[in-house]
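Below, each chain spelled out in residue letters.
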Amino acid sequence: MKRLHFFLAMLLTVPFFMLGQTVTEIDEIAPFSEGLSAVRKGNQWGFIDKKGALVIDFRDDLHWTKDAKDDKLNVLGVRYPMFRDGRCMIKKMEDGIPLFGFIDTKGNIVVAAEYLNIYPFENGKTTGVLFDKTLKGENEFKLKIYEFKFHDVLLDSSGEILEFYSKRDNIQMTKKRYKTPFIGAKIISKDLIAVWVENKGWEIRRFKAE
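Residues numbered from 1 in each chain as written. Predicted model: local features only at pLDDT ≥ 70, side-chain atom pairs only at ≥ 80, totals over all residues. Heavy atoms only, no water.

## Brief notes about the pattern of salt bridges
As a reminder of what qualifies: Salt bridges are defined as contacts in which a side-chain nitrogen from Lys or Arg sits within 4 Å of a carboxyl oxygen from Asp or Glu. Comment: elements are numbered from the N terminus, with helices defined as DSSP H or I runs of at least four residues and strands as E runs of at least two. Between buried and exposed lies partly exposed: a residue is buried under 20% and exposed over 50% of the maximum accessible area for its type, with that area taken using a 1.4 Å probe on protein chains only.
Inspection of the entire model under this criterion finds seven salt bridges. R40 is paired through a salt bridge with E28; the nearest N and O atoms lie 2.9 Å apart. Of the two residues, R40 is situated in strand 2 (residues 37-41) and E28 in strand 1 (residues 28-29); the sequence distance between them amounts to twelve residues. Like R40, the residue E28 is buried in the burial classification. Here K133 and D95 are joined by a salt bridge, their closest N and O atoms 3.5 Å apart. With K133 in strand 8 (residues 125-138) and D95 in the loop between strand 5 (88-94) and strand 6 (97-103), this residue pair connects regions lying 38 residues apart in the sequence. Residue classification places K133 among the partly exposed residues on the basis of a relative accessible area of 28%. With a relative accessible area of 64%, D95 lands in the exposed category. Residues joined in a network through salt bridges with shared partners are E28, R40 and R79.

## Brief notes about the sheet that holds strand 4 (residues 54-59)
Short version of the rule: A pair of strands counts as paired when DSSP detects no fewer than two bridges linking them.
Read from one edge to the other, the open sheet built from four strands follows the order 1-2-3-4, with strand pairing classed as antiparallel. Because the sheet does not close on itself, it has two edges, and the strands there are strand 1 and strand 4. Sheet topology note: the strand 2/strand 3 (residues 44-48) ladder contains five bridges and is antiparallel. Opposite R40, over in strand 3, you have W45 as the bridge partner.

## A look at the environment of V129
Note the threshold: Any pair of residues with heavy atoms lying within 4.5 Å of one another is described as a contacting pair.
Note that V129 resides in strand 8. On the accessibility criterion, V129 (0% relative accessible area) is buried. Expressed as a C-alpha distance, the spacing of V129 and L116, which sit 13 residues apart in the sequence, is 5.5 Å. V129 has contacts with E114, Y115, L116, N117, F150, H151, D152, R168, I171, P181, F182 and I183, leaving out every residue within four places of it along the chain.

## Thoughts on the sheet that holds strand 12 (residues 192-197)
Our working definition: Interaxial angles span 0 to 180 degrees and are taken between N-to-C directions of axes, which are lines fitted to C-alpha atoms, for helices over the stretch in contact.
If you walk across this open sheet you meet the three strands as 11-12-13, and the pairing is antiparallel. Edge positions in the sheet fall to strand 11 (185-187) and strand 13 (201-206), since each of these pairs with one other strand and no more. Going across the sheet, the axis of each strand differs from the next one's by a mean of 25°, ignoring polarity. Alignment of strand 11 against strand 12, held across three bridges, turns out to be antiparallel.

## A closer look at the pairing of strand 13
Bridge analysis of strand 12 against strand 13 gives six bridges, and the strand direction is antiparallel. Bridged to V195 within strand 13 is E203.

## Things to note about the packing of aromatic side chains
Rules: Two aromatic rings, drawn from Phe, Tyr or Trp (for Trp, its six-membered ring), form a pair once their centres lie within 6.5 Å of each other, and the interplanar angle then sorts them: stacked below 30 degrees, edge-to-face above 60, tilted otherwise.
One pass over the full model with this rule turns up seven aromatic pairs. Between F102 and F121, the ring centres sit 4.8 Å apart and the planes meet at 65°, which makes this aromatic pair edge-to-face. A residue pair is termed long-range when its members are at least 10 positions apart, and F102 in strand 6 and F121 in the loop between strand 7 (109-118) and strand 8 qualify at 19 residues. Per residue, the accessibility class of F102 equals that of F121, and both read buried. Relative to W196, the ring of F182 lies with its centre 6.2 Å away and its plane at 90°, an arrangement referred to as edge-to-face.

## Examining the pairing of strand 12
The antiparallel pairing of strand 11 with strand 12 creates a hairpin that spans four residues between the two strands. The antiparallel pairing of strand 12 with strand 13 creates a hairpin that spans three residues between the two strands, and N199 there sits at a positive phi of about 70°.

## Topic: unusual backbone geometry
The phi dihedral of N170 falls on the positive side, at around 65°, and the residue is not glycine. Tracing the chain through its elements places N170 in the loop between strand 10 (161-168) and strand 11. A relative accessible area of 76% places N170 in the exposed class. Positive phi values are uncommon outside glycine, yet N199 reaches one of about 70°. Within the secondary structure, N199 is located in the loop between strand 12 and strand 13.

Right under this line is the structure:
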């Protein structure tokens with residue numbers, strides 16, 4: 001009977017222990033946003049909820065910038081991971097070039113990391129510079145030849161591109177010469193978007209009806 005009581009006590013204790021376990025050895029804690037707070041161990045970040053439970057495990061692809069620029073709203077201004085509209089920015093490196101996408105609050109990638117620069121989501125939409133890399137074949141030395149294309153785009157929080165704007169040129173895709181490009185389309189209100197037109201400046205346009 002004592003063994004049975006002990007076994008029942010263990011069954012009752014384990015769930016509470018798991019729910020109440022503490023997250024330790026934290027180097028940095030970000031403010032809460034949308035009910036979640038990013039916590040850092042070394043170069044990895046995870047997310048805790050308001051009960052202190054780790055709801056997104058530590059990972060190394062969440063985007064943050066030690067020297068974030070306070071005047072930038074794009075990838076250059078991300079001081080620590082944070083959810084906006086249920087999306088948090090991620091980063092992957094490809095040939096020394098950072099590419100950006102987003103995860104949802106469960107940690108699933110919902111917007112593939114294929115943007116050279118992008119704004120956080122607001123009201124389910126954002127704009128960014130899409131990087132399209134297409135394999136064209138091989139040269140005589142069996143080296144792969146790629147075609148690079150760049151576009152300013154409007155996309156929704158599922159990653160679907162809603163509108164293509166200007167095609168971008170003169171973006172250097174070598175590690176030594178690469179600079180984060182500016183985003184040539186930005187949402188300025190619920191119904192309006194500003195689009196950069198080469199040699200003409202910014203144009204104010206209305207969103208197309210969905």
